[in-house]
Amino acid sequence: MLAELTVLAPGGVEEVASDGYVEYAIYGAEGELPDLGEEEAVIAGGTVEVEATEVADDWADRWRTFHKPLLVGDPEDGPAVWIRPPWEPERADMAEVVVDPGQAFGTGAHPTTRLCIEALIGIAREGGPFGELTDLGCGSGVLAIAAGKLGWKPLDGCDHEVAAVAAARENAAVNGVEVDFERIDLKAGLPVLAPTTVANLTAPLLEIVAAGMSRENLPETLICSGLLATEYDRVIDAFASHGLVETGRGVIGDWGSLTFARSSDQ
Ligand SMILES: C[S@@+](CC[C@H](N)C(=O)[O-])C[C@H]1O[C@@H](n2cnc3c(N)ncnc32)[C@H](O)[C@@H]1O
């Protein structure tokens, strides 16, 4: 849905999910958006309501109030990550990631991103292993940057979107974390996978990643997210052929994550 809407309004799309509904808002200057008017329709058993409103003059301030800092993990229990937009005050007592929400996917607020950071925090709390990390489908780079702040190094990441790679590079610089971000289409082939690899993608894309892995290019720890809680089995099956076995899973709402470790006989 977001992908379709982004084509209509590359300037801004928002998704807000709540109990029983999902709201998509697309923004554009006068004349930029299709004139949809007010509509109500039933599509595939769901009610779709469309409305258009004029955005008030103080939209910039309202937009800012929408983007709140996000705490992942409890600092009382060990490492925690604080993700904030640039205008919010810093928290020097935590692994802090500054992300400008005006950029590519990944303000950190999405449940799939949060699930990956929770899994990274879980490993960090056990004292590692740290070392090299790859972020597949890096978006704004938030996962690689958070990993860097938690102790992983060296870091690399990739995305097929030019804008994502540019935003990720900029965010890494703003956060003072060195990450080698590259433009790669995972459907065309995989980069070299670090011992810790994070992949916040979708179940079909995770299956493509699994198909591209080999004995010579296999992470020791793999954190996957972006799957629906109903898709655990297909993702587990996809990585099983490489001897990657599930060591943990997470769930937030409809979204799920899986952590795998390479079995000792691989
Ligand atoms: C769910 S987002 C995750 C972004 C970021 N890692 C995060 O957690 O906030 C998935 C990302 O994968 C990228 N992606 C989708 N298909 C891809 C492909 N075939 N090759 C590389 N990246 C892809 C998208 O552009 C998007 O940035």
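Residues numbered from 1 in each chain as written. Predicted model: local features only at pLDDT ≥ 70, side-chain atom pairs only at ≥ 80, totals over all residues.

What about the overall build of the protein chain?
Point 1. Of regular secondary structure, the protein chain possesses seven helices and 14 strands.
Point 2. The C-alpha radius of gyration computed for the protein chain amounts to 19 Å, which stays within 12% of the reference 18 Å derived for 266 residues, consistent with globular compactness.
Point 3. Along the three orthogonal principal directions, the C-alpha set of the protein chain runs to about 60 × 45 × 35 Å.
Point 4. Partitioning the contacts of the protein chain with sequence separation of at least 6, the portion at a separation of at least 24 is 56%. (Helix = DSSP H or I, 4+ residues; strand = E, 2+ residues; numbered from the N terminus. Rg over C-alpha atoms; globule rule 2.2 N^0.38 Å. Contact = placed C-beta atoms within 7 Å.)

Concerning the packing of helix H3 (residues 111-125) against helix H4 (residues 142-150)
Point 1. The N-to-C vectors of H3 and H4 enclose an angle of 20°; their axes lie 10 Å apart at closest approach. As far as their axial angle goes, H4 and H3 are roughly parallel. Here the hand of the crossing between H3 and H4 comes out right-handed. In this structure, H3 uses Thr-113, Cys-116, Ile-117, Leu-120, Ile-121 and Ala-124 to contact H4, whose residues at the interface are Val-142, Leu-143, Ala-146, Ala-147 and Leu-150.
Point 2. A breakdown of the residues in the contact of H3 with H4 according to their chemical character gives ten nonpolar, one polar and no charged. (Axes fitted to C-alpha atoms, helices over the stretch in contact; angles between N-to-C directions. Parallel < 35°, antiparallel > 145°, perpendicular 65-115°, else oblique. Left-handed = near helix turned anticlockwise from the far one by under 90°. Nonpolar A, V, L, I, M, F, W, Y, C, P; charged D, E, K, R; others polar.)

Here's the deal with the sheet that holds strand E9 (residues 152-159)
Point 1. One open sheet holds the seven strands; their spatial order is E10-E9-E8-E11-E12-E14-E13, and the pairing between them is mixed. Strands at the two margins of the open sheet, each flanked by one partner only, are strand E10 (179-183) and strand E13 (244-252). Averaged over all neighbouring strand pairs, the angle between strand axes comes to 15°, with direction disregarded.
Point 2. The sheet contact formed by strand E8 (residues 131-136) and strand E11 (residues 196-200) spans four bridges and is parallel. Following the sheet pairing, Leu-136 is matched in E11 by Ala-199.
Point 3. Here helix H5 (residues 162-174) sits on the sheet and contacts E9 and E10; the angle it forms with E10, its principal contact strand, is near 170°.
Point 4. Against the sheet, helix H6 (residues 203-212) makes contact with E8, E11 and strand E12 (221-228), and its axis sits at roughly 150° relative to E12, the strand it touches most. (Pairing = 2+ DSSP bridges.)

Here we look at the domain arrangement of the protein chain
As a measure of interface size, the accessible area lost when the parts come together is often cited.
Point 1. For the protein chain, the domain assignment lists domain 1 (2-55) and domain 2 (106-262).
Point 2. Taken over C-alpha atoms, the centre of domain 1 sits 30 Å from the centre of domain 2. (Domains from an automatic or database assignment.)

A look at the sheet that holds strand E6 (residues 81-84)
Point 1. Taken together, the three strands give an open sheet; going across it, the order is E5-E6-E7, and neighbouring strands pair in mixed fashion. Pairing within the sheet leaves two strands with one partner each, and these edge strands are strand E5 (70-72) and strand E7 (95-98). Each strand axis lies, on average, 20° off the axis of its neighbour in the sheet, ignoring direction.
Point 2. Of the strands in this sheet, E6 and E7 touch H4, which is tilted by about 155° from E7.

Quick word on helix H7 (residues 232-240)
Note that an α-helix has 3.6 residues per turn; residues three or four places apart therefore point the same way.
Point 1. All of the buried residues along H7 are Val-235, Ala-238 and Phe-239. An end-on view of H7 places all buried positions within 85° of arc, on one side of the element. H7 presents Asp-233 and Asp-237 as exposed residues on the side facing more than 90 degrees away from its buried surface.
Point 2. Buried positions along H7 lie against H6, E12, E13 and strand E14 (255-262). (Buried ≥ 20, exposed ≤ 12 C-beta atoms within 10 Å, placed from the backbone. Arc of directions from axis to C-beta.)

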